[in-house]
Every structure is written in structure tokens, then in C-alpha cells.
Amino acid sequence: MDYSKLAEITVKSQAALDMIPADFAGRIYIEFGTWNNRAVVNKRYGRSVMARGNSSVVAWENSSVVARGNSSVVAWENSSVEARGNSSVEARGNSSVVASANAQIVDRLNGGRIEITGNARIVYMPKTIHEFMDFYGIKHNKKTATFFKAVMKDGDLYRSSYKNAFTYSIGETKIEYCDPDVSVECGSGLHIAHLAWALDFGRDWSNLAILEVETDIDKIILPTGTDGKVRTSELKVLREVPLDECGVYGKILAKRRQSNGN
């Protein structure tokens, strides 16, 4: 393909996007990518890449992306994103975002370079565990909260993906040292998360199981840079949650498992 003769290109796969040279001077439209399998833009082309429709994109390095329609973009490092319409953007690293219309920006920097107009709004990440639970819809009372954990099922046991010899069983209470340093995102402790995070973490495992667990709120450590995962010193395993009960994403993973014969 002679890219020098094209004024615009619509790409519907990562392979097609990766083939476009960085010196391409035309407009690139992205019409693919899902929440759990985003299109990746890691080049800075002659013009900003445009994510449109229901596409989901992550912008890396020095790339530049415009989000339109109902598209979703995560901006990392020194990338630049312009959000329009009903699009949604998460700003991380040194990224810069300009938003207009009804766009929603999730500012993980708590002070990122974000400029908004119209009905666009900035949503800041939770700073306390109670804000975190409300933000992600975690069920809780004044003392305890219910989280989820992605594990690998092995008969009646559930194995940790990080340390295979570390197992869980239904009804069991686990107690471990928990690193209290909130600046450490992945420190020692029992790692738990909201349901969508757990599903995404184990999406490629053929033996994925989702455990519903309960922990005391005052034993939870909320890392400042978390994207949905926290850690605790103690938890009780309540049950295995069937994937079919885990919303649309869970049902997709369940069908994928069936199609693969698992």
C-alpha cells in the first residue's frame, strides 16, 4: 500500500494500525478496540489519530489522539488527547487532555494538564477507601466490605497467580503481612479488587475463577496509584462466583471458555 497517496485511513485492527508508518500525513480513524482489549497508539503521526464510534484506545508515549462519539481513551506518558462528544478519557503520567461537549475525564494525576469547556467534566480518583468503595460500587457496611479476587482453579483449591503454592479454599480465612506504604502499588499483602478489575486480570486464563471475599475495612491499604486493586492483611473467602453472574464481561469470558472446550 502506498500511504503517500492516501488522505485518510480507517483501521479496524491492531495489525492494520501498526503497519502505518509514523510519517503518514493523512488522518487515521480507529474503529476497533474494547475495554479489555484496547487499540494501542504509540506513534506520533502527522495528524492526530481519531477514535470514533465505540472504539477503545490507549495512547502511549508522544502520540496524539482525538476521542469522538462514545469512544474511550486512556492517555499515558507524554501523549495528548482531545475529547469530544460523549467520549471518556483517563489521564495518566504527563499526558495532556482537552475536553469539550459531554466528555468525561478521569484525572488520575489529581492535577493533570486538563482543559475543559461546555458540559465536559473532570472526575478525580478516590483518595480514601470509602471513596474507592463508592466509586467502584463495592458493597460494604460500617465494618466490612466485599471484594473480588481472580485465582486459578485447581480442583477444590484456588491458586494464586503470583505464587502457585499459595492457595485459597471456600470458607477459609487468610492472614498475611500487608505492606502499609500507600506509595507502593503492588506491595506485600492479600490483593483484592472490584469485579471488573478481577475479570480483566484473569481474562486469558483457561482456569480462571472469581472469588468473592470479605475483609475488614480498617485492614485495607489503598495505594495512591491504584487502578482498581487494593490489599489487605486478612480476608475470608465467601464463595466462587460463576462467570455468568459477573455481568456482561463475565458472560463473554464464560462463552469464550465454552468455545475453547474448557
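You'll find the structure just up there.
Rules of the game
Residues numbered from 1 in each chain as written. Predicted model: local features only at pLDDT ≥ 70, side-chain atom pairs only at ≥ 80, totals over all residues. Heavy atoms only, no water. Helix = DSSP H or I, 4+ residues; strand = E, 2+ residues; numbered from the N terminus. Buried < 20%, exposed > 50% of the residue type's maximum accessible area, 1.4 Å probe, protein only. Contact = heavy atoms within 4.5 Å. Areas by Shrake-Rupley, 256 points an atom, 1.4 Å probe, with all protein chains shown as cover. Disulfide = S-S within 2.5 Å. Core = buried A, V, L, I, M, F, W, Y, C linked by side-chain atoms within 4.5 Å. Pairing = 2+ DSSP bridges. Axes fitted to C-alpha atoms, helices over the stretch in contact; angles between N-to-C directions.

What am I meant to see in the overall build of the chain here?
Of regular secondary structure, the chain possesses 4 helices and 22 strands. Along the first, second and third principal axes, the C-alpha set of the chain runs to 65 × 45 × 25 Å. Burial statistics for the chain: of 262 residues in total, 44% are counted as buried. Taking as baseline every contact in the chain between residues at least 6 positions apart, the subset at least 24 positions apart corresponds to 38%. In the form shown here, the chain has an accessible surface area of approximately 13500 Å², with 47% of it arising from carbon and sulfur atoms.

Could you clarify how one ought to interpret the state of the cysteines in this entry?
Applying the stated criterion to the full structure yields 0 disulfides. Residue cysteine 178 stays outside any disulfide, its sulfur separated by 11 Å from that of cysteine 186, the closest cysteine. Residue cysteine 186 is classed as exposed on the basis of its relative accessible area, which comes to 56%.

Looking at this structure, how should I read the environment of histidine 194?
Turning to its location among the elements, histidine 194 is positioned in the loop between strand 18 (190-193) and helix 3 (195-201). In sequence terms histidine 194 and isoleucine 220 are 26 residues apart; their C-alpha atoms lie 13 Å from each other. With residues near it in sequence (within four places) discarded, histidine 194 still touches Tyr136, Ile138, Phe147, Phe148, Asp227 and Gly228.

Mind showing me how you'd approach the environment of isoleucine 138 here?
Turning to its location among the elements, isoleucine 138 is positioned in the loop between helix 2 (129-136) and strand 14 (144-154). Along the backbone, isoleucine 138 and alanine 16 are 122 residues apart, and their C-alpha atoms lie at a distance of 39 Å. When neighbours within four sequence positions are excluded, isoleucine 138 is seen to be in contact with Met133, Ala145, Thr146, Phe147 and His194.

Any chance you could explain the nonpolar core here in plain terms?
One recurring pattern in soluble globular proteins: nonpolar side chains tend to sit buried together. Ranked by size, the top nonpolar core spans 29 residues in total, and within it Leu17, Ile20, Ile30 and Val73 carry the most contacts. Not counting the four nearest positions on each side in its chain, leucine 17 is found in contact with Val11, Ile28, Ile30, Phe32, Val40, Val41 and Tyr45. Formed by 21 residues, the second largest nonpolar core is a distinct cluster that contains Val151, Leu190, Val230 and Leu235.

So what exactly am I meant to see when it comes to the sheet that holds strand 2 (residues 27-30) here?
Pairing between the strands of a sheet is mediated by backbone hydrogen bonds and can be parallel or antiparallel. Spatial ordering of the open sheet is given by 1-2-4-6-8-10-12, a layout of 7 strands whose pairing is parallel. The outermost strands of the open sheet, each flanked by one partner alone, are strand 1 (8-11) and strand 12 (113-116). Adjacent strand axes in the sheet meet at a mean angle of 15°, parallel and antiparallel pairs treated alike. As defined by bridge partners, strand 10 (residues 96-99) adjoins strand 12 across 4 bridges and the pair is classed as parallel. Bridge assignment links alanine 99 to a residue of strand 12, and that residue is isoleucine 116.

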